[in-house]
Amino acid sequence: MTSRKSIIETGWNLDNSYARLPKSFFTSLKPIAVSSPKLIILNYQLATSLGLNVKALQSKDGVAVLAGNQIPEGGLPLAQAYAGHQFGHFNMLGDGRALLLGEQITPLGERVDIQLKGSGKTPYSRGGDGRATLGSMLREYIISEAIHALGIATTRSLAVVTTGESVIRETDLSGAILTRVASSHLRVGTFQYIAKWGTVEELRVLADYTLNRHFPDVEADESCYLSLLQEVIKRQAGLVAKWQMVGFIHGVMNTDNMTISGETIDYGPCAFMDTYDPATVFSSIDHQGRYAYGNQPHIAGWNLARFAETLLPLLHVNQEQAIKLAQDAVSNFTELYHYNWLTGMRAKLGIFNEEIEDESLINSLLKMMQKYHADYTNTFRSLTFDALEDTVLVGSTEFAQWHELWQARLGRQEKPKTSSHQLMRTSNPSIIPRNHRVEAALEAAVKQGDYSVMERFLDVLSNPYAHSPEQDEYSTPAESSTHPYQTFCGT
């Protein structure tokens, strides 16, 4: 057992509020030890904010914790049970290859989950091996940290360790474990599981726990469960709008991948869009485009309707009244999303105030971008710096007309155009984790053992609104190819 001294040195300060919930919510289980763990990457900034000692985490004992070979004092590892609609079909799921070590209480008094992903089989593995590959864990590290830097709520990546063991997929691949940090791992699917297989009292316990953990300002009265639904809807409306703003495609928006906290979770088949097209899909298994870029707001609303269904017994004793309350709440999602999206798009064009024609101006630009196969990120980057020669739109009559309307719109504001361009600088990133750059970093790391490519990539991604010269080379889209880029689940 680890000594108290080493725990203090490392900084682990774990509590286990989830483990105090009804036993049907989870399965207590220790990670399966690995043969020779090696630390590959550690998030120094995140570790420090969690109150952890970076040097101690890099020690043999520290790496043993990150690999699941050693449980820090106060840790009570468990696999959470949940269900979910996967591509519209309801399934029993659960943490098949992840274990919650406990909840770290940070120096600021915040409570966050510390989870090991790829730590071995659990009762919810459904035939899987419970392990993860190095490439997939590094992908989640890169993209989750890029999402965080873009100012979007997300789970974070603390560390990746290799296990010294092979993982069999189509070939033998290097195994790895990711340490994931989240406000919590409560999901829509968590509520679906309890609603389907638990009691109404257990559902109430879960809802009360969620309110206490994520929405402590909600008053504990008869309307608190309706408030819970409304607050989750608000957070998801803001989250998905921000995804759309930067061209992020989650790829697998199943209900088990929608958090109650409003954080982005599960970086499997995700990717960022280069050429603007609402029909863009990267996931190899999304044959019908259910989770395409343009469908993400609709799917979020559908998922929230499933969440609302789970809360019906708590909303009102009369089922018809409960259904009406739920429908009214969910119906607000579209308006909330639209408000967040329109506000964000105005900012991307340097617009501070509101005019009724703004949405038409925005949609006209997007239609042109789709027609001319313009790069989404770089088009807004070009507008930000008046570098119109850098966009494929320049030269067309319709763009010239649009640009004239846009300039007139900016001229009708009280604030000067210099302020508009400053707003655009802080709303339009110069860099995103472009797919070919992600693949290059992963190939160098996994196949060649060269982590310098990834480290430099992470460095430039860490401040996407810096618009620095170092970021220029990373802003170039991939060369055109006859083979569409694809991403994959469950690796």
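Keep in mind the model is a prediction, meaning the values are calculated, not measured.

Each value, and the rule that gives it
Here the residue numbering is sequential within each chain, running from 1 through the sequence in written order. It should be noted that, the model being predicted, local features are given only for residues of pLDDT at least 70 and side-chain atom pairs only at 80 or more, the latter also being counted only at that level, while totals for whole chains, interfaces and linings use all residues. With hydrogens and water stripped out, all remaining heavy atoms of the structure feed into the side-chain values. Here the nonpolar core consists of buried residues drawn from Ala, Val, Leu, Ile, Met, Phe, Trp, Tyr and Cys, with membership extended through side-chain atoms lying within 4.5 Å. Using a 1.4 Å probe on the protein chains alone, a residue whose accessible area is under 20% of its type maximum counts as buried, one over 50% counts as exposed, and one in between counts as partly exposed. Pairs of residues are marked as contacts when any of their non-hydrogen atoms sit within 4.5 Å. Only runs of H or I of at least four residues qualify as helices and only runs of E of at least two qualify as strands under DSSP, and these elements are numbered from the N terminus. Lining residues are defined by having an atom within 4 Å of a point belonging to a cavity or pocket. Those points lie on a 1 Å grid over the protein atoms alone, cavities being sets where a 1.4 Å probe fits but cannot get out and pockets being open sets with protein on both sides within 12 Å along at least five of seven lines. Grid points are joined across faces, edges and corners, and a volume is the space filled by probe spheres set on the points. Any residue that is not Ala, Val, Leu, Ile, Met, Phe, Trp, Tyr, Cys, Pro, Asp, Glu, Lys or Arg is counted as polar, Gly included; the first ten are nonpolar and the last four charged. The angle between two axes is taken between their N-to-C directions and runs from 0 to 180 degrees, where each axis is a line fitted to C-alpha atoms and a helix contributes only its stretch in contact. Every angle not falling under 35 degrees, over 145, or within 65 to 115 is termed oblique; those three ranges are roughly parallel, roughly antiparallel and roughly perpendicular. In this scheme the handedness of a crossing depends on how the near helix is turned from the far one: anticlockwise by less than a right angle means left-handed, clockwise means right-handed. The pLDDT score gives, residue by residue, the confidence of the prediction method on a 0 to 100 scale. Think of it this way: DSSP has to see at least two bridges between two strands before they count as a pair. One fewer than the residue count of a helix, multiplied by 1.5 Å, yields its expected span. The term bend refers to the angle at a residue between two fitted axes, each drawn through seven residues, those ending there and those starting there. Pairing of N or O atoms within 3.5 Å defines a polar contact, subject to two protein rules: one partner must be a possible hydrogen donor and the other a possible acceptor, and residues neighboring in sequence count only if both atoms are side-chain atoms. The term salt bridge refers to a side-chain nitrogen of Lys or Arg lying within 4 Å of a carboxyl oxygen of Asp or Glu.

Trainee: If you had to explain the nonpolar core to someone new, which residues and values would you point to?
Mentor: Core analysis: the largest hydrophobic core is formed by 118 residues, its most contacted members being Leu138 and Leu383. Excluding residues that lie within four positions of it along the chain, Leu138 makes contacts with Ile40, Ile41, Val160, Leu442, Ala445, Val446, Tyr451 and Met454. Membership of the second largest hydrophobic core comes to 23 residues, among which are Leu42, Leu50, Leu66 and Ile177.

Trainee: Break down the environment of Ala182 for me, citing the residues and quoting the values.
Mentor: As for its placement among the helices and strands, Ala182 is situated in strand S11 (residues 172-182). Separated by 71 residues in sequence, Ala182 and Arg111 have C-alpha atoms that sit 9.0 Å apart. Discounting residues that sit within four places of it in the chain, Ala182 has contacts with Val112, Asp113, Thr155 and Glu263.

Trainee: Tell me what's going on with the layout of surface pockets, and back it up with residues and numbers.
Mentor: Considering only enclosed or pocket space, the second largest pocket measures out at about 620 Å³ in volume. Along the lines of polarity and charge, the residues of the lining of the second largest pocket split into eight nonpolar, nine polar and four charged.

Trainee: Describe the packing of helix H11 (residues 358-371) against helix H13 (residues 397-411), and please don't skip the residues or the numbers.
Mentor: Viewed as axis vectors pointing N to C, H11 and H13 meet at an angle of 150°, and their least axial separation amounts to 11 Å. Taken together, H11 and H13 sit at an angle that is classed as roughly antiparallel. Handedness of the crossing formed by H11 with H13: left-handed. Residues Asp358, Leu361, Ser364, Leu365, Met368 and Lys371 of H11 touch H13, and the partners they reach there are Glu398, Phe399, Trp402, Leu405, Trp406 and Arg409. Among the residues forming the contact of H11 with H13, the class breakdown is seven nonpolar, one polar and four charged.

Trainee: Provide a residue-level description of the confidence of the model for the chain, including the pertinent values.
Mentor: Overall, the prediction assigns the chain a mean pLDDT of 95, with 98% of residues at 70 or greater. With pLDDT under 50 throughout, residues 1-7 is counted as low confidence; its partners more than four residues away or in other chains account for eight contacts.

Trainee: So what about the side chain of Gln80? Which residues, and what values?
Mentor: Along the chain, the position of Gln80 falls in strand S4 (residues 78-80). Classification of Gln80 by relative accessible area gives buried; the value is 3%. Residues contacting Gln80, with those up to four places away along its chain left out, are Tyr18, Phe25, Phe26, Gly94, Asp95, Leu100, Tyr124 and His185.

Trainee: Please set out the pairing of S11 residue by residue, giving values where relevant.
Mentor: For S11, a buried count of eight out of 11 residues is recorded, marking the element as mostly surrounded by other parts of the structure. One ladder, built from five bridges, connects strand S8 (residues 111-117) with S11; its direction is antiparallel. The residue of S11 that forms the bridge with Leu116 is Thr179. In this structure, strand S9 (residues 132-133) lies alongside S11, joined through two bridges in antiparallel fashion. Bridging from a neighbouring strand, Ala132 pairs with Ala176 of S11.

Trainee: Could you give me a rundown of the pairing of S8, with the residues and numbers involved?
Mentor: By the criterion of burial, S8 is predominantly enclosed, with six of the seven residues buried. Between strand S7 (residues 98-105) and S8, which follow one another and run antiparallel, lie five residues, and Gly109 among them has a positive phi close to 85°.

Trainee: Can you explain helix H9 (residues 296-315)? Please cite residues and give values.
Mentor: Across its 20 residues, H9 extends 27 Å between first and last C-alpha, which sits within 8% of the 28 Å expected from 1.5 Å per residue. Glu309 marks where H9 bends most, by close to 35°; the proline Pro313 follows one to four residues later. Buried residues dominate H9, accounting for 16 of its 20 residues.

Trainee: Can you explain the side chain of Ser184? Please cite residues and give values.
Mentor: If you trace the backbone, Ser184 turns up in the loop between S11 and helix H6 (188-197). Within the structure, the side chain of Ser184 is placed 3.1 Å from the backbone nitrogen of Leu186, a separation counted as a polar contact. Beyond its immediate chain neighbours, meaning those up to four positions away, Ser184 contacts Asp113, Arg213, His214 and Glu263.

Trainee: How would you sum up the environment of His298? Please name residues and give values.
Mentor: On the secondary structure map, His298 appears in helix H9. You can call His298 exposed: its relative accessible area is 56%.

Trainee: I'd love a proper account of the packing of helix H5 (residues 134-149) against helix H16 (residues 452-461), names of residues and values included.
Mentor: Interhelical geometry of H5 versus H16 gives an angle of 15° and a closest axis separation of 9 Å. By the angle between their directions, the pair H5 and H16 is classed as roughly parallel. The handedness of the crossing between H5 and H16 is right-handed. On H16, the residues touching Leu138, Tyr141, Ile142, Ala146 and Ala149 of H5 are Met454, Phe457, Leu458 and Leu461. Of the residues belonging to the contact of H5 with H16, the class tally is nine nonpolar, no polar and no charged.

Trainee: Explain the pattern of salt bridges residue by residue, including any values.
Mentor: For the structure on display, the rule yields 25 salt bridges. Among the salt bridges present, the one from Arg213 reaches Glu103, with a minimum N-O distance of 3.7 Å. Residue Arg213 is found in helix H7 (residues 200-214), and its partner Glu103 is found in strand S7; the two are separated by 110 residues along the sequence. Look at Arg213 and you get buried, because its relative accessible area is 16%. What makes Glu103 buried here is its relative accessible area of 1%. When the shortest N-O distance is used, the salt bridge between Arg204 and Glu201 registers 3.8 Å. Residue Arg204 and its partner Glu201 are located together in helix H7, separated by three residues, close to a single helical turn. Judged by its relative accessible area of 28%, Arg204 is partly exposed. Ionic contacts of the salt-bridge type, sharing partners, join the residues Asp15, Arg20, Glu103, Arg111, Asp113 and Arg213 into one network.

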